[in-house]
Amino acid sequence: MITSHRSKNSTAIMMMAILLLNIFLFSPFSLYITNLEQFTTPLVGVMKLCLIPVLILFLLFIPVINFSVRNTHRISALLAMFSMLVWFQGNVLLWDYGILDGRNINWNDYIFRGWVDGCIWIVALGLVYFFYQKYGKIVIKGAVFILLLQFVTLCYASYENWELINKKSPKISMEDPTELFKFSRNGNILHIVTDGFQSDVFNELINRQGLKDKYQSSFQGFVYYRETLGAFPYTKFSIPAFLASEMYSNDVPKDIFVDKHMKGHTILSAANKEGYEIDIASGGNYLIKRYSNLPYTNMYNMDNIKSASAEFRDTAVILDLALFRVLPHFLKIYIYNDQEWLVSKLVRNETIFQFSYFSHTLFLNIFSQAMSIEREKPVYKYIHIMNTHNPMVVDNQCKYAGQPTKMNRATLTIQSKCTLDTLSILFEKMKDLGVYESTLIIVHGDHGGWAPNYRQGPPVVFSSGAVARDWLTSLASPLLAIKKPNDNSDFRVSDVLASLLDIPATISDIMNWNVDFKSQSLEKLHLHDKRKRFFRYFDYQKNAHQEDYAASIHEFSIEGSHYEVEWKPENIFYPPK
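The sections below set out a description of the structure shown in this document. In this text the structure is predicted, and so the values were computed from the model without any measurement.

1. Quick look at the sheet that holds strand β13 (residues 532-537)
Then, in step 1: Ordered in space as β13-β14-β15, the 3 strands form an open sheet in which the pairing is antiparallel. Across the chains shown, the open sheet's two edge strands, defined by having one partner strand only, are β13 and β15 (568-573). Averaged over all pairs of adjacent strands, the angle between strand axes in this sheet comes to 25°, irrespective of strand direction.
Then, in step 2: In terms of strand pairing, strand β14 (residues 553-559) meets β15 through 4 bridges, oriented antiparallel. Paired with Phe556 across the bridge in β15 is Pro569.

Set out below in C-alpha cells:
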C-alpha cells in the first residue's frame with residue numbers, strides 16, 4: 001500500500017516537473033533562440049533565473065502531494081493534460097496580437113479566440129477529470145513524449161545556433177552614464193536620432209502660435225530641411241542609410257548587411273579616424289547589439305536608467321512572453337496587464353519606465369543637469385532616443401496618460417511637442433555652459449511617423465496597381481535639422497531636396513574631413529537643383545526578427561517635392577526563394 005502510494009506520488013511529482021519545465025524552461029528557451037538579437041544577456045544567465053520559479057513551485061508541490069492520498073491518479077492526469085495544453089497553446093494556437101511594443105490590445109476584437117481556447121482547455125481537462133481512469137495513462141505518456149520531443153528540439157536548436165548563443169554580448173562600458181555627459185574642450189559633435197519624428201509635425205510645432213518664438217530661439221543656428229526624404233519605413237535599414245549611405249536590396253541576410261556596414265565605413269568610423277572619442281547612448285537590446293559594431297569609447301543602454309540589471313530585465317521579458325504565449329486567451333489579458341506586464345513590473349522601480357519615452361526623457365534631463373566640459377579629445381556623441389516612436393503615452397502636460405493611446409495626428413503631435421520641450425532644455429543648458437555655439441548638432445528621425453501628413457500630390461501606387469495607405473508617405477518624411485559650428489544665425493528653413501542618405505557626406509563636408517560617401521553633401525545642394533531621390537518600402541513582417549530577409553522591397557523614385565509629385569515605382573527587391 002505504501003509502495004503504491006509512493007508510486008502515485010512520484011508520477012504526480014514527475015508530471016508537475018514536466019509542466020513547470022514546459023512553462024519556465026522550454027518556452028523561454030524557444031523564445032530566446034528565435035529572438036537572439038533582442039537580448040544582451042547570455043542564454044545561461046536567462047535560463048538559470050528561469051529555473052528559480054521551477055524550483056520554488058516544485059518544492060512547494062512535493063509536501064502538498066505527499067499529504068494528498070485520494071485521487072492522486074486524477075491529479076497526475078490533470079497535470080499531464082495541463083502540460084500538453086501548455087505545449088499546444090504555445091506551439092499550435094499561436095494567435096497574432098500585433099506588435100507588442102506598448103500599443104493597446106483591443107481584447108474585444110479577439111473574443112472568438114477566447115472561446116476557441118476556452119473550449120479546448122475546458123473539454124480536455126473535463127475529459128481527464130471525469131475519465132482519468134480510462135485516459136490517464138495515455139495522457140501521461142503523451143506528456144512524457146512531448147517532454148522528450150522538446151528536449152530533442154532544444155538540443156538541435158542549441159547545436160544550430162551555438163555560435164550565436166556562445167557569442168559574447170557587447171560590453172557596455174559603464175553602468176553609470178556620467179562620462180557621456182562630459183563635453184570636450186577641443187570640439188564636439190552632437191548627433192541625436194529621434195526615432196519616428198515626422199517632419200511635417202515638427203514644421204507644425206515650430207510655427208505654432210505661442211511656441212514659435214520659444215522653439216526657434218532654442219534651435220538657433222539650425223537649418224531645418226523641410227523636404228527631407230527617408231530611405232526606409234523602419235529603423236533596421238534606415239541606420240546604415242543615414243550612417244553609411246548604404247541601401248539594403250534583400251540580397252544578403254538582414255543582420256549580416258547591417259553589421260557589415262556598421263563595422264565598415266560610417267560617419268562614426270570617419271570621426272574616430274579624425275581622433276574623436278565616440279559616445280553612444282541608445283535603448284533596446286537589438287540596437288545596442290547593432291551599435292556595438294561601431295567604434296566607440298563609451299556606450300550606455302538608456303533602458304537601464306530606472307530598472308534592474310539587464311539580466312533580470314531580460315529574464316522578466318522572456319517569462320512574460322512565455323506566459324503570454326502558453327496561456328489561453330482570457331488569461332493573456334492579465335499577463336499583458338495593460339502593457340505593464342506581470343513579471344517585468346516586479347523589476348522596475350516605477351511603472352512608467354517600461355516605456356522608452358520616459359526612460360529616454362529622464363536620460364536627456366539628467367544630461368541637461370549634469371553636463372560639463374572636462375574631456376581633452378574631441379567627442380562625437382551619438383544618441384538614439386525613442387521619444388516620438390510608438391507607443392503614444394503622454395497627455396497635454398507631458399505626463400503619463402494612464403495607458404498607451406492610439407497613434408494619430410493629435411497624439412503624435414502631443415508627444416512630439418514634449419520631445420521638443422526636452423531638446424529645447426538640453427540646448428539651452430548647452431548655451432549656458434558655453435558649448436552650444438561651437439558644436440555641430442544634427443537632429444533627425446530615422447523615418448517618419450504613422451500619422452497622415454498634408455501631402456497634396458496624387459496617391460502613391462505600387463507597380464501592381466494597388467494604392468498605398470496614406471501613412472506610407474508619412475513614414476518617408478523624417479525630421480532633419482542641422483546646426484553648423486559657430487552658426488549664430490536665426491533658425492531657418494531650407495527646401496532643397498534632401499535625403500537621410502546625405503547625412504554622412506554633409507557632416508564630412510562641414511567638418512572638412514574629405515571623406516567620401518555614396519551621397520551628396522547638403523552644403524553643395526541648391527534650392528532649384530533637380531534631383532531624383534529614392535525611397536524603399538516593405539511591409540513589416542510578423543516574425544521579423546526570425547526572418548533572414550525582408551519582405552519584398554518596393555522602390556519608388558521621386559523627382560521634386562515628395563509631398564507633391566508622383567512617386568514612380570521602380571525596382572522590386574524580392575527575398576531569395
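2. Concerning unusual backbone geometry
Then, in step 1: A cis amide bond links Asn390 with the next residue in sequence, Pro391, at an omega value of 0°.
Then, in step 2: Looking at the secondary structure, you find Pro391 in the loop between β7 (379-385) and β8 (392-394).
Then, in step 3: Phi angles above zero are rare outside glycine, and Asn250 is one such case at about 65°.
Then, in step 4: Secondary-structure assignment places Asn250 in the loop between α9 (235-244) and α10 (254-263).
Then, in step 5: Located in the positive-phi region is Asn512, a residue other than glycine, with phi close to 60°.
Then, in step 6: With respect to the helices and strands, the residue Asn512 is situated in the loop between α18 (503-510) and β13.

3. Details of the state of the cysteines
Then, in step 1: Scanning the model with the defined rule gives 1 disulfide in all.
Then, in step 2: Put simply, Cys398 and Cys418 are joined by a disulfide, and their sulfur atoms are 2.1 Å apart. Between Cys398 and Cys418, the S-S torsion sits near -95°, and that sign places the bridge as left-handed. Remark: Cys418 occurs in helix α16 (residues 409-433) and Cys398 occurs in the loop between β8 and β9 (400-405); sequence separation between them is 20 residues.
Then, in step 3: Looking at Cys398, the relative accessible area reads 22%, which means it is partly exposed.
Then, in step 4: Judged by its relative accessible area of 2%, Cys418 is buried.
Then, in step 5: Cys50 takes part in no disulfide bond, and the closest cysteine sulfur, belonging to Cys155, lies 17 Å away.

Cut-offs used in this document
Residues numbered from 1 in each chain as written. Predicted model: local features only at pLDDT ≥ 70, side-chain atom pairs only at ≥ 80, totals over all residues. Heavy atoms only, no water. Pairing = 2+ DSSP bridges. Helix = DSSP H or I, 4+ residues; strand = E, 2+ residues; numbered from the N terminus. Axes fitted to C-alpha atoms, helices over the stretch in contact; angles between N-to-C directions. Disulfide = S-S within 2.5 Å. Buried < 20%, exposed > 50% of the residue type's maximum accessible area, 1.4 Å probe, protein only.

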